[in-house]
Every structure is written in structure tokens, then in C-alpha cells.
Amino acid sequence: MECAGKGSRTQCSGPPTRRCHRCRAVAYCSVSHQVSHSSVHRKECGRFQQQMKSVDALNDFPFTFSRDAAQIQETRCSFLMKHGVHRVGMWFCECSCGTSATSFDQSRLIRSWNLGNSLCPCEEPSSPITKQLTCWKEYYQWRCIPLDSPAAALLHWPLTIYWAIQLVTLESLNSETSNELRIHYLGPEKELLQLTVFGELRALFPGVNVHIDFVGPEIPHHRDGEKVDLYSYAECDLIDCQCKCPDKNDSKGIITHNSQTITLQLHAGCYHDHFKDLVKDSFPHIIIAPNAGIAAYLSWLPTLNLIKEIKVPAVFSDYCEEASHLAARCITSVTGCVLKIPIQLNPFRQPIQVDGSALFLPCYCNCFLFGM
């Protein structure tokens, strides 16, 4: 937590222990910093008051580890250590002490969950998906995973894609696209170490070949154009589990006899610079931008105008409601259009709070969704 008045003419005098008595969302290191910041905070205090009313809903997860973390204010590092996945494999950059995914030299696809086979979806589901999943509990029940499994901390990526598609009503794919779903996915970072978790889209969209173009400036140039075909799911760490069938082959994927494919392709750079090349073969059905930070980066301006021009449904996420409101204001200012998908809580947000938030508002990866 930082002092909300940080950056004033004087340095902070200590930890931010003085919370605003109205919104309770910001804190200050001293009376002087609270006074100097009052003209700024006055404009946002009312919004924060409203957002603080949804704290219980934000923190509402069915997982046993979520309740424990809330009670003891557990850090991400301690959470990962408790489950034996701290700085391991796909989990490497899930905490502040881990190296970022873009600086981690990963020449081979990370295939393992580093979890037992009862704790992760490493095989085909025991039953086909028969209804729309609306929350983590329903998903865990369908995939027969116990609620003490930390798998949701990585599964929020494919489940957020699943929910975004429900929001734009693409779940009823027409005859032209019934066997194919093309997604342009903007701004990947941690996902670059967690690519095999997107294999879960096989279960979520059975029989559909999914092609995802990952586009963003955080993709290293030496990985530009890299293509990964996922024919199955990320593996558990049980040596004799059926997920380790002998039909697998090289470092670029996981091979089984099922012909359904999840294809991932990486593109280094900004979306508006790559768009013409990306659509030479076909247009995307949906654009997804997780944790977009639209109000924070000028590079979003030409991308927003492009999305408006091509009229492809676009769903964005952000860490908290305030960031989403700032993004919505930016979208309207740049494009002159209001949101088609209003700001709403993502039922498949990552169930571990983001450390180091500048607000007392709970922040979660992929927490709120909205779209144009």
C-alpha cells in the first residue's frame, strides 16, 4: 500500500496509516499529504465509497484457500509455497519475487501443472459440458477438482476467455464458424510461461478448433511468429497418469489421437501495427485484452480506433473497478462510443489478491470485464 499523496512536494514521512474516513479506500502517511491531496481525492472519493460496498462480493470465492488467505492476509509467495509451486514451472512469475515471463528464457513449452492428478484438469472431462458455467464452483464440480486445489490461479486465463465469449454471445457459433474460433489476444505477459493452460479450451469448446493470436510489446522479438499446437491438456506430476500417453511428440505440443487443436501464435509488437497481416487469412471472431490498463498507455489510442473501425466484439479486463471506469471513460473519449458490455465482475477472476495495490479496494487479475 502506498501513500495516496506520494509525489507531493515533501517526501512521505512513514507508512500510510491514515485512511480517508469517508471512502476508506486510500491512506496517507501524514496529515500534510492528506491535505495536499484533498483537491484530487475529492473528485474520486464518492466513486471509491460506492466501490467499497462491493468488497464482500469481490472476495467471495468457494475455495478453502481463499478464506484462509483473507483471514491471515496471506501473500502470494506464502500461498504458492504452501501449495509447493513457488517459482516452479508455469507458476514461476505468479509472485513479486519471481522473474517476469518475458525475461525468463523458456525455449521449450512448459507442460506440467506441478500438481497431483486429482488437483488439476490433465485429462478429458468425465462428462461433456452441458450447460453454461457461471462460477468457479460449477467449473470445479464439472472437472472433478477439489476446492482446495490452487489450479484456478492459472485457469483464470482460459476461463476468462470462455466467459468473454458468453458475454458477446459467441457461444452459439453459426454454421460458418461452428468448427473454428479465432481470437486476437492483446497484451500477454505471464501467459507466455503458461501457454499449456490454454489447452483447457478443448474441454470448454468441445469439437472447436481454436486459434489464438497473442499480440503485444512484451513478447520477445526472438519469439515473434512462434507457433504452438496444443492437442491435449497440461500434465499433472504423477508419473503413471494417463495424461502421459506415449503418443506425444516434440517440444511444440502434446499429441493425442483427438483431432481438435488449440493453436497459439505469438506476435511481438502493438496490435494496430500487426492487424493487416493478422487478417490476411481471416478476421477474428473476438478480441480479448486481459488486464488492459487502457487509461495508462497511449499505445491503446490507435488500437481503440482500429477496433471501432473493424466492428469486431472486444472484451477487456482490469484489476479493479476504478481502473475499469477510467478505461471506459478513455474508450468513450477516443471513439465517441459507449460500452456495449457494461463493467461487471468476472466470475472467473484469479482468486488471489494482487499484492501492492495503491488502494484498499481488493484487486484481482482479470477482476472486472467490459467491452465495446
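Please read all numbers here as calculations on a predicted model, not as lab measurements.

Parameters and conventions
- Residues numbered from 1 in each chain as written.
- Predicted model: local features only at pLDDT ≥ 70, side-chain atom pairs only at ≥ 80, totals over all residues.
- Heavy atoms only, no water.
- Helix = DSSP H or I, 4+ residues; strand = E, 2+ residues; numbered from the N terminus.
- Buried < 20%, exposed > 50% of the residue type's maximum accessible area, 1.4 Å probe, protein only.
- Contact = heavy atoms within 4.5 Å.
- Axes fitted to C-alpha atoms, helices over the stretch in contact; angles between N-to-C directions.
- Arc of directions from axis to C-beta.
- Pairing = 2+ DSSP bridges.
- Core = buried A, V, L, I, M, F, W, Y, C linked by side-chain atoms within 4.5 Å.
- UniProt positions renumbered as here; feature names shortened; annotations may be inferred.
- Salt bridge = Lys/Arg side-chain N within 4 Å of Asp/Glu carboxyl O.

**Q** Is there a simple way to explain the side chain of Gln51 in this structure?
**A** With respect to the helices and strands, the residue Gln51 is situated in helix α2 (residues 38-52). Classification of Gln51 as buried rests on a relative accessible area of 2%. Discounting residues that sit within four places of it in the chain, Gln51 has contacts with Glu321, Glu322, His325 and Leu361.

**Q** Which parts of the structure should I look at to understand the packing of helix α9 (residues 271-278) against helix α10 (residues 300-310)?
**A** In helix packing, the relevant descriptors are the interaxial angle and the interaxial distance, both defined with respect to the helix axes. Axis separation between α9 and α10 bottoms out at 9 Å; the angle between their running directions is 35°. Between α9 and α10, the contacting residues are Tyr271, His272 and Phe275 on the first element and Pro302, Thr303, Leu306 and Ile310 on the second.

**Q** Please clarify how α10 should be interpreted in this entry.
**A** Every α-helix winds through 3.6 residues per turn, so residues three or four apart in the chain are directed the same way. For α10, every residue scored as buried is listed here: Trp300, Thr303, Leu304, Leu306, Ile307 and Ile310. The buried residues of α10 all sit within an arc of 160° when viewed along its axis, so they share a single face. Tucked inside the fold, the buried residues of α10 contact β3 (180-186), α9, β8 (286-289), β9 (314-318) and α11 (321-335). Positive phi shows up at Lys311, right after α10, with a value of about 60°.

**Q** Hey, could you run me through α9 in this one?
**A** Taken as a whole, α9 has its buried residues at Tyr271, His274, Phe275 and Leu278. Considered in projection along α9, the buried side chains sweep an arc of 130° and stay on one side of the axis. Facing away from the buried surface of α9 by more than 90 degrees, the exposed residues are Asp273, Lys276 and Asp277. On its buried face, α9 is in contact with β3, β4 (209-216), β7 (262-268), β8 and α10.

**Q** Quick question: what am I supposed to make of unusual backbone geometry here?
**A** Leaving glycine out, the prevailing phi sign among residues is negative, and the prevailing peptide bond configuration is trans. Positive phi values are uncommon outside glycine, yet Arg24 reaches one of about 60°. As for its position among the elements, Arg24 is in the loop between β1 (18-19) and β2 (27-28). Even without being glycine, Cys144 reaches a positive phi, approximately 55°. In this structure, Cys144 sits in the loop between α6 (136-142) and α7 (152-167). Judged by relative accessible area, Cys144 falls into the exposed class, the value being 54%.

**Q** What's the story with the environment of Glu2 in this structure? I'm lost.
**A** Along the chain, the position of Glu2 falls in the segment before β1. Judged by its relative accessible area of 40%, Glu2 is partly exposed. Expressed as a C-alpha distance, the spacing of Glu2 and Ala358, which sit 356 residues apart in the sequence, is 5.3 Å.

**Q** In this structure, what is going on with the pairing of β3? I would like to understand it.
**A** Working note: regular strand, side chains alternate between the two faces of the sheet. Burial within β3 is extensive, with six of its seven residues counted as buried. As paired elements, β3 and β4 share seven bridges and run parallel to each other. Looking across to β4, one finds that Leu186 is bridged to Val215. Bridge analysis of β3 against β8 gives three bridges, and the strand direction is parallel. The residue bridging His184 from the neighbouring strand is Ile287, located in β8.

**Q** Which parts of the structure should I look at to understand the nonpolar core?
**A** It is characteristic of soluble globular proteins that their nonpolar side chains tend to be buried jointly. With 77 residues, the main nonpolar core has Trp113, Trp136, Tyr139, Phe198 and Ile212 as its most contacted residues. Looking at this core element by element, the count peaks at 11 residues for α7. With residues up to four places along the chain from it excluded, the contact list for Tyr139 reads Pro121, Leu133, Ile145, Leu155, Leu159, Glu200, Leu204 and Phe348. In terms of nonpolar packing, the next biggest core, distinct from the first, is built from 25 residues, Ile287, Trp300, Ile310 and Ala327 among them.

**Q** Looking at this model, I keep getting lost on the UniProt feature "domain: MYND-type" (unreviewed entry) in the protein chain. Mind explaining?
**A** The feature "domain: MYND-type" (unreviewed entry), as annotated in UniProt, sits at residues 11-45 in this numbering. The distance from the first to the last C-alpha atom of residues 11-45 is 23 Å, and the span holds 40% helix and 11% strand.

**Q** Help me understand the pattern of salt bridges, please; the structure alone is not making it clear to me.
**A** When their charged atoms lie close together, side chains carrying opposite charge are able to pair. Using the criterion set out here, one finds nine salt bridges in the structure. Taking the shortest distance from any N to any O, the salt bridge between Lys6 and Glu2 comes out at 3.5 Å. Using a relative accessible area of 55% as the deciding quantity, one classes Lys6 as exposed. With its nearest N and O atoms 3.4 Å apart, the salt bridge here joins Glu180 to Arg182. Connected through shared salt-bridge partners, Arg76, Glu94 and Lys190 make up one network.

**Q** Explain the environment of Met1 to me, please; I cannot follow it from the model alone.
**A** Within the secondary structure, Met1 is located in the segment before β1. Residues Met1 and Phe360, spaced 359 residues apart in sequence, show a C-alpha to C-alpha distance of 7.7 Å.

**Q** Teacher, can you tell me more about the pairing of β4 here?
**A** Of all eight residues that make up β4, seven are buried, and the element is covered over most of its length. As paired elements, β4 and β7 share seven bridges and run parallel to each other. Across the sheet, residue Val215 finds its bridge partner in β7, namely His267.

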